[in-house]
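# Topology and contacts: notes
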Amino acid sequence: HRVIVDLLIDQIEFANVIVLSKTDLTTEKEAAEVEAIIGALNPGAKIQRAVMGNVPLKSVLGTQLFDYDKAENSAGWIRELEGEHTPETEEYGISSFVYQTNQPFDAAKLWEFFNSEQDFSGVLRSKGFFWVAANHSVAYEWAQAGGVSNVHTSGIWQAAMPKEYWADLEDPEPEKGPNWHARFGDRMQQLVFIGQRMNEAAMRARLDGSLLDKDLAAGSSENWMKLHNPFPEFSMEEAAA
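Residues numbered from 1 in each chain as written. Predicted model: local features only at pLDDT ≥ 70, side-chain atom pairs only at ≥ 80, totals over all residues. Heavy atoms only, no water.

A few words now on unusual backbone geometry. The backbone of M52 sits at a positive phi, close to 55 degrees, despite the residue not being glycine. Mapping M52 onto the fold places it in the loop between β2 (46-49) and α3 (68-72). Of the residues examined, M52 reaches a relative accessible area of 67% and is grouped as exposed. Notably, Q64 is not glycine yet its phi reads approximately 60 degrees, a positive angle. With respect to the helices, strands and loops of the structure, Q64 is situated in the loop between β2 and α3. (Helix = DSSP H or I, 4+ residues; strand = E, 2+ residues; numbered from the N terminus. Buried < 20%, exposed > 50% of the residue type's maximum accessible area, 1.4 Å probe, protein only.)

A few words now on a nonpolar patch on the surface. A cluster of nonpolar residues, V19, L57, V60 and L61, forms a patch on the protein surface that exposes about 350 Å² of accessible area. Within the secondary structure, L61 sits in the loop between β2 and α3. The class of L61 is exposed, set by a relative accessible area of 54%. (Patch = residues over 30% accessible without salt bridge, like charges linked within 9 Å, V, L, I, M, F, W, Y side chains within 5 Å. Areas by Shrake-Rupley, 256 points an atom, 1.4 Å probe, with all protein chains shown as cover. Salt bridge = Lys/Arg side-chain N within 4 Å of Asp/Glu carboxyl O.)

Written out as structure tokens, the structure is:
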């Protein structure tokens, strides 16, 4: 169900060398602005300008630059989640930020935020993981590039699994880790936003406003299950795929 923009973004985020072609048809400022945007999406990539498709062969062939493990974690959004913040490019208004909290989202409010063109003004790329009170066992994955976005279920939070299954997981004792919440366990909102002239303060305020009402959040989670959830249900078939 992927669309072409997903493929293009994945190629940019996974590459170690990116060729910026037709630079003879742009101004220096336009070319530099595109480079800055690409640099935000993939800070580790080498960018090679080309005119009429001509590039030095040694810059794209036999570079010995490709490393799968590094490429797998080269995307700007992954680096942001890991705390490797990419400095803002003030000249072109390019910036990034991470929204992170343990508190649950109100699914209906978050859905409205995700589908608001006004709130996403200037956002080039956003991605991450989140959870909603209405189905608090499911880990959702959000992905957006330009005007295209999607949400799918990524799996089940470890805290939602019976403890007898933890021994087979990568971290059999997650409750001893620094990110474990006394009530919510490993459930975490981690959303990265990369954009140009974004209004970070307004976006953070909207995300804060999409969290579950404090009184409801402090109450029994059984009441949360009655809330409307427009996001997809978890599918074992999808998880296996």
